[in-house]
Each structure stands twice: as C-alpha cells, then as structure tokens.
Amino acid sequence: MAHPSQLGLQDAASPVMEELLHFHDHALMIVLLISTLVLYIIVSMVSTKLTNKYILDSQEIEIVWTILPAVILILIALPSLRILYLMDEINDPHLTIKAMGHQWYWSYEYTDYEDLGFDSYMVPTQDLVPGQFRLLETDHRMVVPMESPIRVLVSAEDVLHSWAVPALGVKMDAVPGRLNQTAFIVSRPGVFYGQCSEICGANHSFMPIVVEAVPLVHFENWSSLMLEDA
Amino acid sequence: MADEEHNGKKQGFKLMGILDIQSTACAREALLHGAGGSLVAGLLHFLATSRVKRSFDIGFAGFFLTTLGSWCYCRYNNAVLRVQQRVIQEGIKNKVMYEGTSIDPTRKPKADEKSS
C-alpha cells in the first residue's frame, strides 16, 4: 500500500507493473528536461535587453522545434506501445476469479473447480485491530497463488464500479450487464490493497479491495478451509 | 515498518521533488553526462566566439541533448537486459520443473530411442 504523503507509484508486484514503473521514470525524465528547457527560455526572455521588432522568420529554429519534438514523441511512443501490447498478450490463466461490484462491497467467486464464493466488506474503523490499515482492510481477502497467471472477470450487480489494485498495475471497470477481463501474475507473496475507482454512491470510498498472494500450497489450504466454512 | 526502512537508508535526492536519482536506473549517469556535455559545449563555444550569453544557451542545449541521449541509450540497454533476465529466470524455473522428465529440453535422447 502507499505510505503517508507518497507521491510516486507503489512498488511493483507484477511484471506488467514493473514495466509501467520503468516507463513512468522514462516519461518523467523527458518531462523534467522539457520543463527545465521552458524555465530556461522564460528566464532568458524576461531578462534580455535585446529587442527586435522586425524578426519575421528563422528557418533554423523552425527546423529545430519541429524535428526535436517529433523525435521526443517517438522516444515516448515506442516503449508505450510495447507495454500496451505486452498487457494484451494471451496468457494461459491457471485460475479465473469473478469479481462482482455491489453497493458497497465486492464479492469474489472461484468457480473453476468447486463453487466457492464470498463477500468482501470493509472493516469499519472502530473494529480495526492495531496494525491494520484504516479504510483499506476487508473481512475476507481475495487470495491468489503467486507466480501463476490469474484471470479476473469483473462485473457489477447494480451501478458502475471499478476494480483496481495499483501494486499489480490492474484497473478494470465493473459495468452491470458486461463482463470485463483482466489478467495479472503476482511475482512475490504479499498483501496488496486497492480501492473502488468509479463513483458508485455514498460509500464509494469504503469498498476496498485486498489481494493476498500466497504460495500454491497455502492457496490450496485456504480454499479447502473456505469450502468447509461455506 | 516503513519508518524503520526510511531510518536505515539515506534519503535519496529527488530531482524537482519527484524523480529519485539514486534509486532510478540511469538517472545519475544521464545527469552527470548532461552536466559534462553542457560544460564542454558551452566552454568550446565561448572559446570560439567569446559570446557569453549565447555560450550559456549552447551550454544548456548541450545539457538537454546529452542528458536525453545518455538517458535513452542507457534505458534501452537496461530494458534489453531486463528482458534477457526474465527469459533466463523462466528457463531456470522450467529447468527445475522439467529436469529428468521426457520434456526436458536439455535431455539427450538415449541410443535405443534414436534407433526407433
């Protein structure tokens, strides 16, 4: 999760998010260079004593400020398109989970092998135990095996919601009557937090998402326990 | 837990408060190359023309182009290395899984399998 007053992106927990982090650094460096250039030009223009009211054209500078931006745009577009196509690659998922948005909670269904389903409500602030995060914890987490391609089918039962987990680089709109698909691989074990990302009513800010990535053996144990409790 | 990590390591320098130079790959090298390129370009122009203001402009242009070029070159090589690293990791993982089975790609076919 984000730490207090964090400005940048969270640490990546999936290969796609790692690539997005690298691309973000690349784009940010270019933006900072251009901003420095603009600042320098502004200072230069404001502080000069030279005035020439009769400058009509200058071929050299026109060529520079046409070619250079085109080159910079290409330098940004190439890695961007690479990641775009990387995110759309067909990966054979080991597990499919349905995430359904409701007002105001998420429900998860693991129906590949057995019928396992549960609701995931936010833990109210007064019920938190020390060490838990306010407005982020849920009573039941979406547990997934790590290092396995996971497919998530996202939809909604009532109004628009959006299922987002920043550390995994995943966000998908939950539209009633529509099934949206997203996929990810969790590279390391851990607990990853997200929040509903489409305005959905009074408690839009209070329906978080928690994904817990565990080794496959622990995932199997967890699913057996959940089936027994159901 | 986050506080302990922050106390343990030095606070990195953040360019314009956003880009962490120390933890971002290629950032430090690109900026140092840019600074060097700026000095060289500005100095050479001044020595050739003795125009101070224009030499500053040339120096800044040198900084911009050198930083951009160094950054893009380093990031490209970094991306190629990352892809290779991922391929090698997959190969190691698969080798551990498939070793000794019939689908091990490094398995040499036995003599009786060759004849049949």
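Because the structure is a prediction, the values reported are computed rather than measured.

Q: Any details on the UniProt feature "transmembrane region" (unreviewed entry) in chain A? Residues and values, ideally.
A: UniProt records the feature "transmembrane region" (unreviewed entry) at residues 26–43 and 63–85 of chain A, using the numbering of this structure. Between the C-alpha atoms that bound residues 63–85 of chain A there is a distance of 33 Å. The span itself is 100% helix and 0% strand.

Q: Describe helix H1 (residues 15–47) of chain A, and please don't skip the residues or the numbers.
A: Between its terminal C-alpha atoms H1(A) stretches 48 Å, which fits the 48 Å expected from 33 residues at 1.5 Å a residue. Regarding H1(A), the residues found buried are Met17(A), Glu19(A), Phe23(A), Asp25(A), His26(A), Leu28(A), Met29(A), Ile30(A), Leu32(A), Leu33(A) and Ser44(A).

Q: Which residues make up the interface of chain B and chain A, and what values go with them?
A: Taken together, the contact between chain B and chain A spans 26 residues of the former and 24 residues of the latter. When chain B packs against chain A, the two sides together hide about 2,300 Å² of surface, and 72% of this comes from carbon and sulfur. In terms of surface lost to chain A, no three residues of chain B exceed Phe60(B), Phe64(B) and Arg82(B), which account for 25% of the buried area on that side. At the junction of chain B with chain A, the criterion picks out 3 salt bridges.

Q: Describe in detail the packing of aromatic side chains, supporting the description with residues and values.
A: Residues and elements named next belong to chain A. The full count for this structure, using the stated rule, is 11 aromatic pairs over all chains. Geometrically, the ring pair formed by Tyr108 and Phe118 is tilted, given 5.9 Å between the ring centres and 55° between the ring planes. In this pair, Tyr108 sits in strand E2 (residues 105–110) while Phe118 sits in strand E3 (residues 116–120), placing the two residues 10 residues apart along the sequence. Residue class for Phe118 comes out buried when judged on its relative accessible area of 8%. Pairwise contacts between aromatic rings join Tyr108, Tyr110, Phe118, Phe219 and Trp222 into one cluster.

Q: Got a sec to walk through unusual backbone geometry? Specific residues and values, please.
A: Here Gln103(A) and Trp104(A) are connected by a cis peptide whose omega angle stands at 5°. Checked against the element boundaries, Trp104(A) lands in the loop between strand E1 (95–102) and E2. Residues other than glycine seldom take positive phi values, yet Ser5(A) does so here, at roughly 60°. Examined against the element boundaries, Ser5(A) turns out to sit in the segment before H1. Relative accessible area serves as the criterion here: at 73%, Ser5(A) is assigned to the exposed category. Look at Cys26(B): it is not a glycine, yet its phi comes out positive at around 75°. Within the fold, Cys26(B) resides in the loop between strand E2 (19–20) and helix H2 (27–49). Among the residues examined, Cys26(B) registers a relative accessible area of 5% and is labelled buried.

About the cut-offs
- Residues numbered from 1 in each chain as written.
- Chains lettered and ligands numbered in written order.
- Predicted model: local features only at pLDDT ≥ 70, side-chain atom pairs only at ≥ 80, totals over all residues.
- Heavy atoms only, no water.
- UniProt positions renumbered as here; feature names shortened; annotations may be inferred.
- Helix = DSSP H or I, 4+ residues; strand = E, 2+ residues; numbered from the N terminus.
- Expected span 1.5 Å × (residues − 1).
- Buried < 20%, exposed > 50% of the residue type's maximum accessible area, 1.4 Å probe, protein only.
- Contact = heavy atoms within 4.5 Å.
- Buried area = accessible area lost by both parts, 1.4 Å probe.
- Salt bridge = Lys/Arg side-chain N within 4 Å of Asp/Glu carboxyl O.
- Phe/Tyr/Trp six-rings, centres within 6.5 Å; stacked < 30°, edge-to-face > 60°.

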